[in-house]
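Spelled out from the first residue to the last, the chains are:
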Amino acid sequence: MEVKTSAPGKLMFFGEHAVVYGIPCISFAVNQRLYCKIKERKDKKILLNFPDLGIKNYEFNGKTENKKIGFVSSAINNILEGVKEKRGFDLETKSEMKIGIGTSSASVVATIIALDKFFSLDLKKEDIFNIGYKSVLDVQGTGSGYDVATSVYGGMIKYIKGEKPIEIKYPENLCLVVGHTGVKADTKKIVEQVGEKRKDYPHFFDDIFGLTKRCIEEVEKGLRESDLRKLADMMNFTHGILNGMGVSHPKLEELIFASKNAGALGAKLSGAGGGDCMIALVTEESKDKVISAIREHRGIPFEVRIKNGAKVENEITDF
Ligand code: PMV
């Protein structure tokens, strides 16, 4: 028996950091996926193959010190906990994501969906999310789970920590360009730093997160009414707030300014900050200019499309 699955990467659109404290965020699944293949073995062994990471036939026995495979291992452990029957398999993943925009959560989700089929568990999306979120928390200890939710449900979603997301409709002409700074951010560390600052200024942060919540309401309105100007304004406002919280980075600022100078309607950092990537709202006319501007400033640009969530992919032949 062989099962193939895929799960998309994700991007935070609005609400990073605030989502950790119960404020809704808006995120979407992107057109870059991670694939997982599981093939039954005659023996009871579980062998892991991650060619992208240079890992071949790694024998899985429940525990691992190998950080690179921590997320997939955690997902396997959490699934096997609920499975009585012992069956061996080879598991392999392959990623289309050149830059990490949710590789960890996508690998967890693609693995869970593959094991769900392999063991005929008949899990619901909620179960897949819950197991996926637990698997991520087991490894990294913190996180709102928005990445797992986005990868499971796909499209654009409104997500409140731990809850079932709500699908959000977005304008057909929503055109987004991402600029990666080339600086790898340490999400866990930045989330902790925000937590420390919040302890020093609790009322201040209540106001900041209250403002973020109002911003999300405006964004929902902007998306409903295809009001790109409103969306752009909200991107600029929220980026200002995030910068004020101390989570921006000189390279993010450079790419955001360069994008706006090249004609982007609005731009903001996306995710934890401290590096990683920014996202710009563009039009078909300004798109190429923004992409060139990001490249001129030594960022790594790419256009993103919003895509569907994780699924079984048995028809794929080249993997
Ligand atoms: O840097 P990313 O893409 O993993 O996003 C982090 C988003 C935070 O809100 C800062 C943390 C979280 O888990 O939601």
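Right, let's walk through the structure included here. Bear in mind the structure is a predicted one, so any value in this text is a computation, not a measurement.

Thresholds, definitions, all that
Residues numbered from 1 in each chain as written. Predicted model: local features only at pLDDT ≥ 70, side-chain atom pairs only at ≥ 80, totals over all residues. Heavy atoms only, no water. Helix = DSSP H or I, 4+ residues; strand = E, 2+ residues; numbered from the N terminus. Rg over C-alpha atoms; globule rule 2.2 N^0.38 Å. Buried < 20%, exposed > 50% of the residue type's maximum accessible area, 1.4 Å probe, protein only. Contact = heavy atoms within 4.5 Å. Near = heavy atom within 4 Å. Polar contact = N/O pair within 3.5 Å; in protein donor to acceptor, adjacent residues only side chain to side chain. Areas by Shrake-Rupley, 256 points an atom, 1.4 Å probe, with all protein chains shown as cover. 1 Å grid on protein atoms, 1.4 Å probe; cavity = no way out; pocket = protein on both sides within 12 Å on 5 of 7 lines; lining within 4 Å. Sits in = over half its atoms within 2 Å of the grid points. Nonpolar A, V, L, I, M, F, W, Y, C, P; charged D, E, K, R; others polar. Domains from an automatic or database assignment. Expected span 1.5 Å × (residues − 1). Pairing = 2+ DSSP bridges.

**Some remarks on the overall build of the protein chain**
In terms of helices and strands, the protein chain carries nine helices and twelve strands. Scaling as 2.2 N^0.38, a compact globule of 319 residues should have a C-alpha radius of gyration of about 20 Å, and the protein chain matches this with 20 Å. Over its C-alpha atoms, taken along the principal directions, the protein chain stretches across nearly 60 × 45 × 35 Å. Taking all 319 residues of the protein chain together, the buried fraction comes to 55%. The long-range fraction of contacts in the protein chain, counting pairs at least 24 apart against all pairs at least 6 apart in sequence, stands at 74%.

**A short note on unusual backbone geometry**
A positive phi angle, close to 70°, is found at His17, a residue other than glycine. His17 gets classed as buried once you look at its relative accessible area, which sits at 5%. The backbone of Asn57 shows a phi angle near 45°, a positive value even though the residue is not glycine. For Asn57, the position within the fold is in strand β4 (residues 55-59). Since its relative accessible area comes to 44%, Asn57 is described here as partly exposed.

**Concerning the site of the ligand**
Inspection of the region around the ligand gives Lys10, Glu16, His17, Val19, Val20, Gly143, Ser144, Tyr146, Thr187, Val191, Gly271 and Ala272 as its neighbouring residues. Within the backbone of His17, an N or O atom sits 2.9 Å from an oxygen atom of the ligand. Protein coverage of the free-state accessible area of the ligand, which is 380 Å², stands at 88%. Of all the cavities here, the one that holds the ligand is the largest pocket. Of the residues belonging to the shell around the ligand, the class tally is five nonpolar, five polar and two charged. Residue contributions to the shell around the ligand reach at least three from each of two domains, namely domain 1 (2-168 + 308-312) and domain 2 (175-304).

**With respect to helix α7 (residues 228-244)**
The end-to-end C-alpha separation of α7 is 24 Å, in line with the 24 Å expected for 17 residues at 1.5 Å each. Of all the positions in α7, only Leu228, Lys230, Leu231, Ala232, Met234, Met235, Thr238, His239, Ile241 and Leu242 are classed as buried. Those residues of α7 that are buried lie in contact with β1 (2-14), α6 (202-224), α8 (250-261), β9 (266-270) and β10 (277-282). Note on α7: the residue one or two positions beyond its end, Gly246, has a positive phi of about 90°.

**Concerning the pairing of strand β6 (residues 156-159)**
The side-chain alternation of β6 yields two buried faces, one formed by Met156 and Lys158 and the other by Ile157 and Tyr159. Both strand β2 (residues 25-40) and β6 contribute to a ladder of four bridges, which runs antiparallel. Bridge pairing in β6 places Ile26 opposite Lys158. Pairing geometry for β6 and strand β7 (residues 166-168), over three bridges, is antiparallel. Paired with Ile157 across the strands is Glu167, a residue of β7. Between β6 and the antiparallel strand that follows it, β7, lie six residues; Gly162 among them carries a positive phi value of about 80°.

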